[in-house]
Amino acid sequence: MIDPGSTRPKPTRAEQECEPAEPGGLAIVELERELHRLQRSIRLTIQSHLQTLAGQSFGSLSQNQQMVASIHSLLDSHGFRVQCSECGHPAILRVSPRTGIEQGAFVFDHTIERRRTFHGGRAVMPEIRLVAKPTRKKARDGKKAAG
Ligand SMILES: [Zn+2]
């Protein structure tokens, strides 16, 4: 059954689906690329500044806590976390009171296999590596999160 009306190819739909390179879409792709570069540059800049603090303590327990809290709010506003030096998970750097360490212990606070876990625990600021803040899981707890 050959209907002359339906043999006409429909180029518009096919082209739209395999070529997203319409001018508007391309501009967005370029913009995303540029922002990605900037984000990387911001990450490396913050990281190199924080490196200068490694190995230091800032006076007292509360001063150490203030320091890591301001580091966290800075990182959070740019979408970063610190990377745990023990397990590599994204973490929040905190200072916890600890027996034997008067000014508190620097710990990596993170959730591993749904358990809040602390790694580290030295008396001085650890070396900092930054990673992207993990995306928040929204009401999808039932599904398994492999890897
Ligand atoms: Zn860890």
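Everything below is about the structure printed above this text.
Residues numbered from 1 in each chain as written. Predicted model: local features only at pLDDT ≥ 70, side-chain atom pairs only at ≥ 80, totals over all residues.

Please explain the overall build of the chain as it appears in this structure.
The number of helices and strands found in the chain is three helices and five strands. In the chain, the succession of helices and strands from N to C terminus is α-α-α-β-β-β-β-β. A buried classification covers 15% of the 147 residues belonging to the chain. By sequence separation, contacts in the chain at least 24 residues apart represent 52% of the contacts at least 6 residues apart. (Helix = DSSP H or I, 4+ residues; strand = E, 2+ residues; numbered from the N terminus. Buried ≥ 20, exposed ≤ 12 C-beta atoms within 10 Å, placed from the backbone. Contact = placed C-beta atoms within 7 Å.)

Looking at this model, I keep getting lost on the environment of Ile 128. Mind explaining?
Mapped onto the secondary structure, Ile 128 falls in the loop between β4 (115-122) and β5 (130-132). By C-beta crowding, Ile 128 is classed as buried, having 21 other C-beta atoms within 10 Å. In sequence terms Ile 128 and Arg 81 are 47 residues apart; their C-alpha atoms lie 9.7 Å from each other.

Which parts of the structure should I look at to understand the pairing of β4?
Sheet faces and side chains relate simply in a regular strand, where the side chains alternate between the two faces. Bridging between strand β3 (residues 101-112) and β4 involves seven bridges; their strand directions are antiparallel. Within the sheet, the bridge partner assigned to His 110 lies in β4 and is Thr 117. The antiparallel hairpin formed by β3 and β4 contains two residues in its connecting segment, where Glu 113 sits at a positive phi of about 50 degrees. (Pairing = 2+ DSSP bridges.)

So what exactly am I meant to see when it comes to the nonpolar core here?
Side chains of nonpolar character tend, in soluble globular proteins, to be buried together. Among the nonpolar cores identified, the biggest contains 15 residues, and Val 82, Ala 91, Leu 93, Phe 106 and Phe 108 are the most heavily contacted of them. Going through the elements one at a time, α3 (61-77), β1 (80-83), β2 (90-98) and β3 are the ones with two or more residues in this core. Take this core: its biggest share by element is four residues, from β3. Leave out the neighbours within four places in its chain, and Ala 91 touches Arg 81, Val 82, Gln 83, Cys 84, Phe 108, Asp 109 and His 110. (Core = buried A, V, L, I, M, F, W, Y, C linked by C-beta atoms within 7 Å.)

How should α3 be read in this particular structure?
Residues spaced three or four apart along an α-helix face the same direction, because each turn holds 3.6 residues. Relative to the 24 Å expected for 17 residues at 1.5 Å per residue, α3 spans 24 Å between its end C-alpha atoms, a close match to the ideal helical length. Restricting attention to buried positions, one finds in α3 the residues Asn 64, Val 68 and Leu 75. The buried residues of α3 occupy an angular sector of 25 degrees when projected down its axis, which confines them to one face. Of the residues in α3, the exposed ones pointing more than 90 degrees away from the buried face are Ser 62, Ser 70, Ser 73 and Ser 77. Buried-residue contacts for α3 involve β1, β2, β3 and β5. Note on α3: the residue one or two positions beyond its end, Gly 79, has a positive phi of about 80 degrees. (Expected span 1.5 Å × (residues − 1). Arc of directions from axis to C-beta.)

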